[in-house]
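Structural features, examined
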Amino acid sequence: MKQNCLWIFLLSAPLLSASSLGFQAACSGTTCTGSYNGNTFTFNGPFTNAPPYNPFIDFSIGTNGGAFTYGGNTCDYGVLLGGGNCYGEVAFGANIGPPDPAGYSLGAVVSVQGTGTAEGWFCWASACPASGPPPPLFNVDVRAIYQFTLTNPGATEPFTWTAAQFSPVPEPATVVFAALGLLALAGFSRVRRFIAQHHQV
């Protein structure tokens, strides 16, 4: 039993650390919230290159508005106008187009998924470099799920983008480690069955 617990721990530890410290984000309307390495962030549009037909959510702090909150600080255009020093920019998404409307009725909600990237830059006050953007806050591969609602059947753009979710793509080393752990558990179970059968004889 102790060996079983050990293998379960060895198998689950990297997966738990990957999910708790990885990138997660969810967007609805013009607001996205998420976390990275245990720190939460929020950013508000308006977004450029907006969904649904070029579905990369992209915005930067400036005359287009927008706000980026991270580590308890909020960078927006008001802060910049007031002489504050901050920088915020986000670009993430995947090349996912809307679904085929055939067979769906008005109001139908359809989800599509694929892989993409998530990049974000943020700095505050003295942490900002003298020139240029700060180093990326995050730059990760993600699995993206986009949600579309059929709002205008028969039109050129029948779907409206309504939400998105982004989660980290497991690193190859994590996948290999998990596979080895599962194989070890299977082998250990076979050995225990073999021993139990021979003890009964």
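Residues numbered from 1 in each chain as written. Predicted model: local features only at pLDDT ≥ 70, side-chain atom pairs only at ≥ 80, totals over all residues. Heavy atoms only, no water.

Here we take up the overall build of the protein. Per the secondary structure count, the protein includes three helices and 10 strands. Counting from the amino terminus, helix and strand elements in the protein follow one another as α-β-β-β-β-β-β-α-β-β-β-β-α. Counting every position in the protein, which comprises 201 residues, the buried fraction comes to 33%. For the protein, restricting intrachain contacts to residue pairs at least 6 apart in sequence, the fraction spanning at least 24 positions comes to 60%. Of the roughly 11,500 Å² of accessible surface on the protein, a fraction of 59% belongs to carbon and sulfur atoms. (Helix = DSSP H or I, 4+ residues; strand = E, 2+ residues; numbered from the N terminus. Buried < 20%, exposed > 50% of the residue type's maximum accessible area, 1.4 Å probe, protein only. Contact = heavy atoms within 4.5 Å. Areas by Shrake-Rupley, 256 points an atom, 1.4 Å probe, with all protein chains shown as cover.)

Taken over all residues, the pLDDT of the protein has a mean of 78, while the share at 70 or more is 71%. A low-confidence stretch, residues 2-20 (pLDDT under 50), is modelled with 19 contacts involving residues beyond four sequence positions or located in other chains. With pLDDT under 50 throughout, residues 173-188 is counted as low confidence; its partners more than four residues away or in other chains account for 16 contacts. (pLDDT = per-residue confidence, 0-100.)

This part is about the nonpolar core. Where a protein is soluble and globular, its nonpolar side chains tend to be buried together. In terms of nonpolar packing, the biggest core is built from 36 residues, with F23, F43, F92 and F166 touching the most fellow members. Broken down by element, this core gets its largest block of residues, seven residues, from strand β9 (residues 138-150). (Core = buried A, V, L, I, M, F, W, Y, C linked by side-chain atoms within 4.5 Å.)

Mapped onto the elements of the fold, T149 is located in strand β9. Setting aside anything within four residues of it in sequence, one finds T149 in contact with G107, A108, V109, P158, F159, T160 and T162.

Using the criterion set out here, one finds three disulfides in the structure. Note on cysteine connectivity: C27 is disulfide-linked to C32, with sulfurs 2.1 Å apart. Disulfide C27-C32: the torsion about the S-S bond is 115°, which places it as right-handed. Assigned by exposure class, C27 and C32 land together as buried. Put simply, C75 and C86 are joined by a disulfide, and their sulfur atoms are 2.1 Å apart. Because the sign of the S-S torsion sets the handedness, a value of about 75° for the bond joining C75 and C86 places this disulfide among the right-handed ones. Here C86 lies in strand β7 (residues 86-94) and C75 lies in strand β6 (residues 73-76), a separation of 11 residues in the sequence. For the protein, the bonded cysteines connect in the pattern 1-2, 3-4, 5-6 when numbered consecutively along the sequence. (Disulfide = S-S within 2.5 Å.)

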